Amino acid sequence: MAAAAISHLRRGAQRHALLYLSRRHFSSPSSLAAPLAAAARRLLSTSVESGTSSTTGSYKPPPLDPFRAALAPASPPLESPPLEEPPTTPPLPEVASAAAAPEQDPVVLQNEELEGLKAGLKALRSREESPEEKEAWWLLNRAVVNYCGSAVGTVAANDPSTANHMLNYDQVFIRDFVPSAIAFLLRGESDIVKNFLLHTLQLQSWEKTVDCYSPGQGLMPASFKVRSVPLDGNNEAFEEVLDPDFGESAIGRVAPVDSGLWWIILLRAYGKITGDYALQERVDVQTGIRLILNLCLSDGFDMFPTLLVTDGSCMIDRRMGIHGHPLEIQALFYSALRCAREMVSTDDGSKNLIRVVNNRLSALSFHIREYYWVDMKKINEIYRYKTEEYSHDAINKFNIYPEQIPSWLADWIPDKGGYLIGNLQPAHMDFRFFSLGNLWAIVSSLATQKQAEGILNLIETKWDDIVANMPLKICYPALEYEEWRIITGCDPKNTPWSYHNGGSWPTLLWQFTLACIKMGRPDLARRAVEAVEKRLSDDKWPEYYDTRTGRFIGKQSRLYQTWTIAGFLSSKMLLDCPEMASILICDEDLELLEGCACGLSNSARIKCSRRAARSQVLV
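Residues numbered from 1 in each chain as written. Predicted model: local features only at pLDDT ≥ 70, side-chain atom pairs only at ≥ 80, totals over all residues. Heavy atoms only, no water.

K.L.:
Account for the side chain of Asp159, with residues named and values stated.
P.N.:
Within the secondary structure, Asp159 is located in the loop between β2 (150–154) and β3 (172–173). Nearest to the buried, unbridged Asp159 among oppositely charged side chains is Arg558, at 5.1 Å. At a separation of 2.6 Å, a polar atom in the side chain of Asp159 contacts the side chain of Ser161. Aside from chain neighbours lying at most four places away, what touches Asp159 is Met166, Arg558, Leu559 and Tyr560. (Helix = DSSP H or I, 4+ residues; strand = E, 2+ residues; numbered from the N terminus. Buried < 20%, exposed > 50% of the residue type's maximum accessible area, 1.4 Å probe, protein only. Lys, Arg positive; Asp, Glu negative; His and termini not counted. Salt bridge = Lys/Arg side-chain N within 4 Å of Asp/Glu carboxyl O. Polar contact = N/O pair within 3.5 Å; in protein donor to acceptor, adjacent residues only side chain to side chain. Contact = heavy atoms within 4.5 Å.)

K.L.:
Pulling in residues and values, what's your account of the nonpolar core?
P.N.:
Membership of the largest hydrophobic core comes to 165 residues, with the highest contact counts inside it found for Trp263, Tyr419, Ile459 and Phe512. Broken down by element, the residue count for this core peaks at 11 residues, all from helix α12 (residues 327–343). Ignoring any residue separated from it by four or fewer positions in sequence, one finds Phe512 in contact with Leu439, Leu456, Ile459, Trp463, Leu472, Leu524, Ala525 and Ala528. (Core = buried A, V, L, I, M, F, W, Y, C linked by side-chain atoms within 4.5 Å.)

K.L.:
How would you summarise the pairing of strand β4 (residues 223–231) if you had to cite specific residues and measurements?
P.N.:
Here β3 pairs with β4 via 2 bridges, running antiparallel. When the sheet's bridge partners are listed, Phe173 is paired in β4 with Ser223. Hairpin geometry of β4 and strand β5 (residues 234–245) is characterised by an intervening segment of 2 residues between the two adjacent antiparallel strands and by a positive phi of about 55° at Asp232. (Pairing = 2+ DSSP bridges.)

K.L.:
Give me the packing of helix α11 (residues 283–297) against α12: which residues, what numbers.
P.N.:
At a minimum axis distance of 11 Å, the contact between α11 and α12 shows a crossing angle of 140°. Comparing the axis directions of α11 and α12 gives the class oblique. Considering the relative orientation of α11 and α12, their crossing is left-handed. Mapping the contact onto sequence places Gln286, Ile289, Leu293, Cys296 and Leu297 in α11 and Phe333, Leu337, Ala340 and Met343 in α12. Of the residues in the contact of α11 with α12, the class split is 8 nonpolar, 1 polar and no charged. (Axes fitted to C-alpha atoms, helices over the stretch in contact; angles between N-to-C directions. Parallel < 35°, antiparallel > 145°, perpendicular 65-115°, else oblique. Left-handed = near helix turned anticlockwise from the far one by under 90°. Nonpolar A, V, L, I, M, F, W, Y, C, P; charged D, E, K, R; others polar.)

K.L.:
Can you break down the pattern of salt bridges residue by residue, with the values?
P.N.:
Within this structure, the stated rule accounts for 24 salt bridges. Of the charged contacts in the structure, one is a salt bridge between Arg175 and Asp258, with a shortest N-O distance of 2.7 Å. Taken together, the residues Arg175 in helix α7 (residues 174–186) and Asp258 in helix α9 (residues 258–274) connect sequence positions 83 residues apart. The class for Arg175 is buried, based on a relative accessible area of 11%. The salt bridge partner of Asp276 is Lys194, with a shortest N-O separation of 3.4 Å. Linking Asp276 in the loop between α9 and α10 (277–281) with Lys194 in helix α8 (residues 191–202), this pair joins segments that are 82 residues apart in sequence. The same class applies to Asp276 and to Lys194, which are both buried.

K.L.:
Tell me about the packing of aromatic side chains, and please be specific about residues and values.
P.N.:
Under the counting rule described, the total for this entry stands at 21 aromatic pairs. Ring centres of Phe366 and Tyr371 lie 6.0 Å apart, and the angle between their planes is 80°; on these two criteria the pair is classed as edge-to-face. Of the residues examined, Phe366 reaches a relative accessible area of 11% and is grouped as buried. With a centroid separation of 6.2 Å and an interplanar angle of 90°, the aromatic rings of Trp408 and Tyr476 are classed as edge-to-face. Here Trp408 is found in helix α15 (residues 407–412), whereas its partner Tyr476 is found in strand β9 (residues 475–476), with 68 residues between them in sequence. Note on Tyr476: relative accessible area 9%, which makes it buried. An aromatic cluster is built from Trp408, Trp412, Tyr419, Phe433, Tyr476 and Trp497, whose rings are joined through pairwise contacts. Of note, Arg187 hangs over the ring of Trp137, and the distance from its end group to the ring centre comes to 4.0 Å. Between Arg527 and the ring centre of Trp463, over which it is positioned, the NZ or CZ distance is 3.9 Å. (Phe/Tyr/Trp six-rings, centres within 6.5 Å; stacked < 30°, edge-to-face > 60°. Lys NZ or Arg CZ within 6 Å of the ring centre and 35° of its normal.)

K.L.:
I'd like to hear about the packing of α11 against helix α13 (residues 351–371), residue by residue, with values.
P.N.:
One way to put it is that α11 packs onto α13 with a least axis distance of 12 Å and a crossing angle of 50°. Our classification of the angle between α11 and α13 gives oblique. With respect to the hand of their crossing, α11 and α13 are arranged in left-handed fashion. Judged by residue contacts, Arg290, Leu293, Cys296 and Leu297 of α11 engage Leu353, Val356, Val357 and Arg360 from α13. Within the contact of α11 with α13, the residues separate by chemical class into 6 nonpolar, no polar and 2 charged.

K.L.:
Give me the sheet that holds strand β8 (residues 428–434): which residues, what numbers.
P.N.:
Here we have 4 strands laid out as an open sheet, ordered β6-β7-β8-β9, and antiparallel in their pairing. The outermost strands of the open sheet, each flanked by one partner alone, are β6 (373–375) and β9. Here β6 pairs with strand β7 (residues 418–425) via 3 bridges, running antiparallel. The partner of Trp373 across the bridge, within β7, is Leu420. With respect to the sheet, α13 is in contact with β6, β7 and β8, its orientation differing from that of β7 by roughly 110°.

K.L.:
Residues and numbers for unusual backbone geometry, please.
P.N.:
A cis amide bond links Pro471 with the next residue in sequence, Leu472, at an omega value of -10°. Its place among the elements puts Leu472 in the loop between α18 (463–466) and β9.

Next up, the structure:
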């Protein structure tokens, strides 16, 4: 064990040294810059290591030079103004006790966690599977896509009834593959996940897309497809290529904001369950992480710590009135920042980046916890809001008009429990309940312990509305009548209680299971899984269900939808071995609450939110 740990540290030190040499390109004389960069490229291969799979020898190095991408002038390093020394405040009791405890060796902790996960994998391999699980595994393996002899992902759907009208369901989507990846990792089949991570990283390019406009560096594609093209114009010889879609072919032509966030989350999960931390240390992978962070953390006109996005940029990929600061993106953003902070190599070049990440995490957690949370007490407060308030001490900071409170909400929200609203913008609160954002806020610890308990209490109390016959409603309630016509643009696919407009999506089972395990409520997840296990198989694993209670298969639903299959399998395995949920869960980070969430300064215009952030944990 000790020898393995020392070897791991030596490999990390060697890679960091080479990274340092390559970065000397900025300051070294021109006569030394080229040899140093060339030496680093020779020593740090960007191809898949031999021995990971019997067929990985066909992997082609990415055409994008990661060093050139990292040093490109179009992607300047992140800068952050120096923080002033905060005023002295008494530490939290939890923080004080943690500080007094002896610090444990992170390598030892990492190895102990890995041994526990290996034991969990062994237990999962020996468990008895139900007939529905055996069918699901057969279907999942049938959906696997190969590139140059290696498995690189799974198609979105494998519905034989729509073989002549596949649209883009025959492509590998990053967000769709995540539950498939979790299922494969929990079964000990990690090669496909590693290949997927590296090949999608290869596609992290900046080709011109809609109307000859180039997206920002670091953007990950929404999906890709394996195509066979003639080799050098020879119609008798062909080669396989990966054809990515950055949104230029999607309905609505919207770039995917969530792809890069899911990629980072999956990269961390892969490292934790396999112990292959060398993958995270590779130069191309480190470059990919930093470019995604650079894209998400770049300054703009927005004043909030949340990400500003347009409609259709996440799982809800059609017009549904979620433009602005949708909860789903913010929860994934927070989770990706937490995961990236663990994986970014610590060196002189990353200190500023880590500081920026910490500042954003602190501000983002306070913003969501304080302004997105609603329960009966908060709604009563909004109901009595004064408007047109001006000054830094305003209570109604976003000028929300009490008349925005929808009529359904007062009778729907329980006395005990609450949730995070779907969106917040000036003079606008979207009070709809969005399942994915609330569940992932629990998983990532974006929500406080008390808020997380309140979310699960609400789901349990409103089981017939959110779960009913098929879990889980993607959002509640549906847009109807004139509201549907105005907000969706009369979208015939998003009619009330269908598809994204209040439809039920069984793929959300695995995220519901994660949230329940984290909060010590696996009984809720088990209740949902057992209720639909046989029905999903009988209905041929549909993409989504319609009606208020999820009784009908979706009117345009694809059958044999891969993430429905994978979500079910992941839920079953996580419930049988809850310890494995640790590869995706993030615990509360009390150090974030010790830092200032708003960038302290002597100016009276800036008000520190540290005290408010602390109070959220202590209540």
